[in-house]
Amino acid sequence: MALSTADSNKIPKIKRDDKLVTRLLPVLIVGSEHSLDNESRLYLRSLVRLVDKSVYEYELARKHILEELETGDRLEYRLIIINHLENSINAVNRVMKTLDIILNGKKDTVAKKTILSNFNLLDTIDDSILNHIQSYSVSALRNRIEHLDEDIFDNKASGGLFADVDESYKNICVQGRCLPISEFVSSIEASHNLVLMILGNLK
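Residues numbered from 1 in each chain as written. Predicted model: local features only at pLDDT ≥ 70, side-chain atom pairs only at ≥ 80, totals over all residues. Heavy atoms only, no water.

### Re the nonpolar core
- With 50 residues, the main nonpolar core has Ile11, Leu44, Tyr58, Leu121, Leu122, Phe184 and Val195 as its most contacted residues.
- Among the elements of the structure, α1 (20–30), α2 (38–71), α3 (74–104), α4 (127–134), β4 (171–174) and α7 (181–201) are those that each provide at least two residues to this core.
- Element by element, the count of residues in this core is highest for α2, at eleven residues.
- When residues no more than four places from it in sequence are discounted, the contact partners of Tyr58 are Ile11, Pro12, Ile14, Ser88, Ile181, Phe184, Val185 and Ile188. (Core = buried A, V, L, I, M, F, W, Y, C linked by side-chain atoms within 4.5 Å. Buried < 20%, exposed > 50% of the residue type's maximum accessible area, 1.4 Å probe, protein only. Helix = DSSP H or I, 4+ residues; strand = E, 2+ residues; numbered from the N terminus. Contact = heavy atoms within 4.5 Å.)

### Looking at the environment of Val51
- Looking at the secondary structure, you find Val51 in helix α2.
- As for Val51 and Val95, which are separated by 44 residues in sequence, their C-alpha atoms are 7.0 Å apart.

### As for the environment of Lys15
- Tracing the chain through its elements places Lys15 in the segment before α1.
- Classification of Lys15 as exposed rests on a relative accessible area of 67%.
- For the pair Lys15 and Asn193, spaced 178 residues apart in the sequence, the C-alpha separation amounts to 9.9 Å.

### Regarding the pairing of β4
- Note: strand β3 (residues 164–165) against β4, two bridges, orientation antiparallel. Bridging from a neighbouring strand, Asp164 pairs with Cys173 of β4.
- A loop of five residues connects β3 with β4, the two strands running antiparallel in sequence, and Tyr169 in this loop sits at a positive phi of about 60°.
- Sheet topology places β4 next to strand β5 (residues 177–180); four bridges connect them, and they run antiparallel. Each bridged residue has a counterpart across the sheet, and for Ile172 the counterpart in β5 is Leu179.
- Between β4 and the antiparallel strand that follows it, β5, lie two residues; Gln175 among them carries a positive phi value of about 50°. (Pairing = 2+ DSSP bridges.)

### Overview of the state of the cysteines
- Inspection of every chain in the model, using the stated rule, returns one disulfide.
- One disulfide in the model links Cys173 with Cys178; its S-S distance is 2.0 Å. Classification of the bridge connecting Cys173 and Cys178 rests on its S-S torsion, roughly 110°, and on that basis the disulfide is right-handed.
- Note on Cys173: relative accessible area 14%, which makes it buried.
- Exposure remark for Cys178: the relative accessible area of 46% places this residue in the partly exposed category. (Disulfide = S-S within 2.5 Å.)

### Observations concerning the confidence of the model for the protein chain
- Averaged over all residues, the pLDDT of the protein chain equals 84, while 84% of them reach at least 70.
- Mean pLDDT across the elements of the protein chain bottoms out in helix α6 (residues 148–153) (54) and peaks in α2 (95). (pLDDT = per-residue confidence, 0-100.)

### Examining the sheet that holds β3
- Within the open sheet, the three strands sit side by side as β3-β4-β5. Their pairing is antiparallel. The strands lining the two open edges of the sheet, one partner per strand, are β3 and β5.

### Considerations on the packing of aromatic side chains
- Following the criterion strictly, the structure yields two aromatic pairs and no others.
- Taken together, a centroid distance of 5.7 Å and an interplanar angle of 55° make the contact between Tyr43 and Phe119 tilted. Taken as a pair, Tyr43 in helix α2 and Phe119 in the loop between β2 (113–115) and α4 lie far apart in primary sequence, 76 residues in all.
- Assessed through its relative accessible area of 22%, Tyr43 is described here as partly exposed. (Phe/Tyr/Trp six-rings, centres within 6.5 Å; stacked < 30°, edge-to-face > 60°.)

This is how it looks when you write it as structure tokens:
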């Protein structure tokens, strides 16, 4: 049974002032990014694009969830919702992986050691802020999405096969693994604010 439109406020909206790309453009024009090393400049552009993409895809998913709530028509909207949720989850996961590799380096499986970097992208960011952002994790959902074909082959697929909202419209679930929508939105907002901070600190 579909929820009433009175319950639509259960689907949180992302709080942000504007797209990150609109904040990046003045930085590029003025040349402020040249205080960063080359790799950090590339990572910054990637983070801007990925965070903006995660917001865009979530907002589309939210729009169709609200339409589903209004109409009660799961057939028309559900696959659209799933597609946008998966895109947003993948974008957020790539943001987290980018931050992880900058902070913790890259594992060299041949040499069996971790290669650390000296990129200066996050030098002006307080460790407590970075620890807070890294406490969010969408990797479990993303991994189940990425390994769905193997799970089906191995007869391990159970529960909802795709990234979908549950019946209560409170969680995003994939094969029995769930994450509250509110926590997912918080992870996007935290990533957005981090990139805003990086851009604001460039001189």
